[in-house]
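Fold and geometry: a report
Chain residues, written in single-letter form:
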Amino acid sequence: MMSFLGVAVEVVLVIGALAVLTVDLVWEPPRRVLGILTGATLAVAAGFGWLQWDQTVGDANPTLQYSNMIALDGYGALAGLVAIVVAAAAIAAAWSLITEMEGRSAELIVLMLLATSGVHLMAASANFMVLFLGLEILSISLYVMAGYTRNRAGADEAALKYFLLGAFASAIFLYGVALVFAGTGSLGVYGIAQFFVRSLVLRPAVLVAGLGLMIVGLAFKVSAVPFHMWAPDVYQGAPGGLVGFMAAMAKLGGFAALGRVLVVAFESRIDDWGPVIAVVAVASVVIGTALAIAQTDVKRMLAYSSVAHAGFILTGLLGADLSSMWFYLATYVFQVLGAFTVVSIISGPGSGPTPLTSLAGLGKGSPRLAALMGLFMLAMGGIPLTAGFVGKAAVFQSAIDGGYLWVVIVSLIAASAGLFFYLRVTVLMYMQDEITPTIARSDGPQRLSLAWCAAVTLIAGIVPWPLLNFVREALPL
């Protein structure tokens, strides 16, 4: 049972994906039947994820399974639970798009379930080859989703750019893995950590080069500067109903992998990778904020905002504190999902570019949507009593503990400047008279998803201790 438990979430998600596809091909049922089957799959997967957490909570020593390639520990269990909840909220948010796809709706659900399994596999991997496998499962699913609405040239362009640049980043990551193997003789996360305990590395050039290439490959996935070029075009061109899922899952998978690689395998080499992560974090925060200010399209603005948030999350790694990183990550993914869900309601689930002016008058036309969008903008800006404020405080404290006060100072200045474009959205919604006639056309699943995202954002900001304690119990590293 314990050996199955390590891969139970992936098995359930894959079986559920196959069941959805088979039922659709054989029966062609109403969309609600596929929804029930998808919900049951996610519920069973969440049950196994909770069982993983229950079996590993408070235990600093992971159980290595399948030839030491899978780690059964709180880290993977936490990542799996967050990914499953995000997937459930994202599928609900995208349900109007799923129903519009008619004969292709089952395939879209399958892609979302497979992407979720890829995120969990990345988080649970104790071997770089398994990590790469999870990375490709996630990436290929997102490539296809970016161009899923084939009636728009913008969607095809987004998918092609994402695929070409993503394949290049994956190749860089794989080359870095090869160099690390050449320097240590191991592909295991914990085997490499033990290598540094037993061995004195006199000529670390190969190891440093390999680690650097691995960081490059994973930095692309989380859209950190200077590997962020794909994000604005992909977010703008991809279907509005799917962008929130794509942004959240890419962040979850990328940072789950970075945590395993840097804090577990290479913690003893923090003097080598710490300054690099600090520079990337500062560049992401500053450049992401500066470019977001200049945008006139709301999806491009949120894309550059995600670049800045990648920098904020990276600051949590500077103190080798995975709990602060995961608190920020686990709350930010719901903020970005909620924001993109509001955008998809306004512009349509299959839409591409969405000018900022489309938000004008939202406060009068749909006060609830405007209030939700305002909440997500304030949380991303780090306003107190929201999860964004607590997350920033946690990662900044981690960076200070790691001796990177200058990173915190620069990040605080950039965060203050970033309030401009977040508050600009609020001004457009409440201080402009133009009203878009389609702004209030949301369905039940979308409203449920938005309510959940708003609840996480508010509760984790007002009463953060339950989530903080949950994360710390899962990560006794």
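Heads up: these notes are all about the structure in this document. Residue indices follow the written sequence of each chain, beginning from 1 at its first position. Local features are withheld for residues below a pLDDT of 70 in this predicted model, meaning they are given only at 70 or higher, and side-chain atom pairs are given and counted only at 80 or more; totals for whole chains, interfaces and linings count all residues. Water and hydrogen atoms play no part in the side-chain values, which are based on all heavy atoms of the structure.

**Some details on the pattern of salt bridges**
Selection rule: Criterion for a salt bridge: a side-chain nitrogen of Lys or Arg within 4 Å of a carboxyl oxygen of Asp or Glu. To qualify as a helix, a DSSP run of H or I must reach at least 4 residues; to qualify as a strand, a run of E must reach at least 2; elements of each kind are numbered from the N terminus. A 1.4 Å probe rolled over the protein chains alone gives each residue an accessible area, and that area as a share of the maximum for its type sets the label: buried under 20%, exposed over 50%, partly exposed in between.
A full pass over the atoms with the stated rule returns 5 salt bridges. Here R260 ties to D73 by a salt bridge, and the two come within 2.9 Å at their closest N and O atoms. Of this pair, R260 sits in helix α12 (residues 240-265) while D73 sits in the loop between β2 (70-72) and α4 (74-93), placing them 187 residues apart in sequence. Judged on exposure class, the residue R260 and its partner D73 are both buried. The shortest N-O distance in the salt bridge between R269 and D272 comes to 2.8 Å. Taking relative accessible area as the criterion, R269 reaches 19% and is therefore assigned buried. The class for D272 is partly exposed, based on a relative accessible area of 31%.

**Section: the packing of aromatic side chains**
To keep things clear, this is the line we draw: Stacked, tilted and edge-to-face are the three classes assigned to paired rings of Phe, Tyr and Trp, where Trp is represented by its six-membered ring and a pair needs centres within 6.5 Å; plane angles under 30 degrees give stacked, over 60 edge-to-face, the rest tilted.
Following the criterion strictly, the structure yields 17 aromatic pairs and no others. Ring plane angle 90° and centroid distance 5.8 Å describe the contact between Y235 and F340, whose orientation is recorded as edge-to-face. Of this pair, Y235 sits in helix α11 (residues 230-237) while F340 sits in helix α15 (residues 322-347), placing them 105 residues apart in sequence. Through successive ring pairs, a cluster of aromatic residues spans Y143, Y162, F163, F220, W230, Y235 and F340.

**Structural notes on the side chain of S141**
What counts here: Polar contacts here mean pairs of N or O atoms no more than 3.5 Å apart (in protein, one a potential hydrogen donor and the other a potential acceptor; neighbouring residues in sequence count only if both atoms are side-chain atoms). Between two residues, a contact is recorded if the distance between any of their heavy atoms is within 4.5 Å.
Here S141 shows up in helix α7 (residues 128-146). Within the local environment of S141, its side chain forms a polar contact with the backbone oxygen of I137, the two atoms lying 2.8 Å apart. With near-sequence residues (within four places) excluded, S141 lies in contact with L111, L114 and A115.

**Remarks on unusual backbone geometry**
With an omega dihedral of 5°, the bond running from V225 to P226 counts as a cis peptide bond. Despite not being glycine, L385 shows a phi value in the positive range, around 70°. Assignment of secondary structure puts L385 in the loop between α17 (367-381) and α18 (387-401).

Geometry only, nothing functional implied.
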